[in-house]
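Each chain, written out:
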Amino acid sequence: NAGVTQTPKFRILKIGQSMTLQCAQDMNHNYMYWYRQDPGMGLKLIYYSVGAGITDKGEVPNGYNVSRSTTEDFPLRLELAAPSQTSVYFCATETGAEAFFGQGTRLTVV
Amino acid sequence: AQTVTQSQPEMSVQEAETVTLSCTYDTSESNYYLFWYKQPPSRQMILVIRQEAYKQQNATENRFSVNFQKAAKSFSLKISDSQLGDTAMYFCALRRGAQKLVFGQGTRLTINP
């Protein structure tokens with residue numbers, strides 16, 4: 001069972017570069033989330049989606065964009081990478097009874 | 001204003017002791033879920049325990065139990081007979097009705113041998 005799959009697991013970006021973090025789920029869950037976790041800190045919500053075609057901002061959306069064209073996929077786009085975006089990024093799905101997390105993407109911007 | 005607040009950034013206890021982690025939350029909804037998640041050094045997020053707001057009985061999962069005080073909006077986690085493998089970050093989380101899942105700042109728990 002794949003669950004929630006994030007790619008890549010690690011990435012180093014130069015300032016100003018762009019990239020897309022991929023998130024795919026095979027559980028047919030409507031709710032999907034992107035969180036970032038800075039070292040020693042909690043999870044901050046970047047964007048979330050309650051279903052295909054519907055997305056909304058979380059606490060820290062600046063510098064990011066998302067799309068949700070299908071139930072399965074919820075990619076996170078960084079357009080102009082900045083050192084402040086160095087973090088671990090988690091994608092998650094949720095049923096209301098439990099959240100399921102991907103393994104995380106460690107992103108370093110230098 | 002923080003929706004979910006964990007006031008203990010770090011805690012440390014000896015193996016086999018009991019430890020309680022605190023969490024307070026804010027919501028005006030009547031229908032919501034509360035969760036405790038564990039994040040060991042592997043970074044994986046693991047569901048520890050879940051409480052539905054409409055249930056008066058406190059949830060229990062083996063050595064883990066909660067003290068759910070709905071009027072006080074408090075949701076503490078008690079770990080009995082703590083083990084070295086319980087060393088992790090613990091996050092309290094709230095899901096209000098059909099809204100998004102939000103997390104507290106986390107408590108770093110260390111179990112000492």
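These lines cover the structure that appears in this document, whether it is placed above or below. Within each chain, residue numbers correspond to sequence positions counted from 1 in written order. All chains are assigned letters beginning at A, and all ligands numbers beginning at 1, according to the order in which they are written. This being a predicted model, a pLDDT of at least 70 is required before a residue's local features are given, and a value of 80 or more before pairs of side-chain atoms are given or counted; all residues contribute to the totals for chains, interfaces and linings. The side-chain numbers reported here are obtained from all heavy atoms of the structure, hydrogens and water having been left aside.

### Topic: the side chain of Gln51(B)
Residues and elements named next belong to chain B.
Then step 1. Structurally, Gln51 is set in strand 6 (residues 46-52).
Then step 2. A simple rule labels every residue: compare its accessible area, found with a 1.4 Å probe on the protein chains alone, to the largest value its type can have, and call it buried under 20%, exposed over 50%, or partly exposed in between. For Gln51, a relative accessible area of 2% translates into the label buried.
Then step 3. Polar contacts, as counted here, are pairs of nitrogen or oxygen atoms within 3.5 Å of one another; within protein the pair requires one atom able to donate a hydrogen and one able to accept it, and residues that are adjacent in sequence qualify only if both atoms are side-chain atoms. Within polar-contact distance, the side chain of Gln51 engages the backbone oxygen of Lys55 at 3.1 Å.
Then step 4. The criterion used for residue contact is that any of the two residues' heavy atoms lie within 4.5 Å. With near-sequence residues (within four places) excluded, Gln51 lies in contact with Tyr32, Tyr33, Leu34, Gln57, Asn58, Ala59, Val66, Phe68 and Phe75. In this description a helix means any DSSP run of H or I spanning at least four residues, a strand means any run of E spanning at least two, and both kinds are numbered starting from the N terminus.

### Here's the deal with the layout of surface pockets
Then step 1. Of the volumes computed, that of the largest pocket is approximately 350 Å³.
Then step 2. Residue lining of the largest pocket: 21 residues in total, with Gln37(A), Gly40(A), Gln39(B), Arg43(B) and Arg108(B) positioned closest to the centre.
Then step 3. Of all the secondary-structure elements, those providing two or more residues to the lining of the largest pocket are strand 9 (87-94) and strand 11 (105-109) of chain A together with strand 10 (88-96) and strand 12 (107-112) of chain B.
Then step 4. Residues that form the lining of the largest pocket fall into these classes: 9 nonpolar, 8 polar and 4 charged. Put simply, the grid is 1 Å and covers the protein atoms alone, a cavity is a trapped set of points that fit a 1.4 Å probe, a pocket is an open set with protein on both sides within 12 Å along at least five of seven lines, and lining residues have an atom within 4 Å of a point. Grid points are joined across faces, edges and corners, and a volume is the space filled by probe spheres set on the points. Side-chain classes are defined by residue name, with Ala, Val, Leu, Ile, Met, Phe, Trp, Tyr, Cys and Pro counting as nonpolar, Asp, Glu, Lys and Arg as charged, and the others, Gly among them, as polar.

### Structural notes on the interface of chain A and chain B
Then step 1. Contacts between the two partners involve 24 residues from chain A, matched on the other side by 20 residues from chain B.
Then step 2. Buried area adds together the accessible area that both of two parts lose upon being put together, with accessible area traced by a 1.4 Å probe. Carbon and sulfur atoms supply 53% of the area buried between chain A and chain B, which totals about 1,800 Å² over both sides.
Then step 3. Definition used for salt bridges: Asp or Glu carboxyl oxygen within 4 Å of a side-chain nitrogen of Lys or Arg. Run the count over chain A and chain B and you get 1 salt bridge.
Then step 4. Where chain A packs against chain B, one counts 8 residue pairs in polar contact (both at pLDDT 80 or more).
Then step 5. Elements supplying a minimum of two residues to the side of chain A that touches chain B: strand 4 (31-37), strand 5 (43-51), strand 9, strand 10 (99-101) and strand 11 of chain A.
Then step 6. When grouped by side-chain class, the residues that make up the side of chain A that touches chain B number 12 nonpolar, 8 polar and 4 charged.

### Things to note about the packing of aromatic side chains
Then step 1. Stacked, edge-to-face and tilted are the three classes for Phe, Tyr and Trp ring pairs, Trp counted by its six-membered ring, which pair at centre distances within 6.5 Å; planes under 30 degrees apart are stacked, over 60 edge-to-face, the rest tilted. In the structure shown here, the tally under the stated rule is 16 aromatic pairs over all chains.
Then step 2. An angle of 90° between the planes, with centres 5.2 Å apart, marks the rings of Tyr35(A) and Phe103(B) as edge-to-face. Of the two residues, Tyr35(A) sits in strand 4 while Phe103(B) sits in strand 11 (residues 101-103), which places them in two different chains.
Then step 3. Seen in terms of ring centroids, Tyr25(B) and Tyr32(B) are 5.4 Å apart; in terms of plane orientation they differ by 55°. Their pairing is tilted. A single burial state applies to Tyr25(B) and to Tyr32(B), both of which are buried.
Then step 4. Here a set of aromatic residues connected by ring pairs shows up, and it is made of Tyr31(A), Tyr33(A), Tyr35(A), Tyr48(A), Phe90(A), Phe101(A), Tyr33(B), Phe35(B), Tyr37(B), Phe91(B) and Phe103(B).
Then step 5. One Lys or Arg, Arg68(A), reaches over the ring of Phe74(A) and ends 5.9 Å from the middle of that ring.
Then step 6. Here, over-ring charges are defined by two tests on the NZ atom of lysine or the CZ atom of arginine: distance to the ring centre within 6 Å, and angle to the ring normal within 35 degrees. For the cation-ring pair, Arg95(B) lies above Tyr31(A), with the distance from its terminal atom to the ring centre recorded as 4.2 Å.

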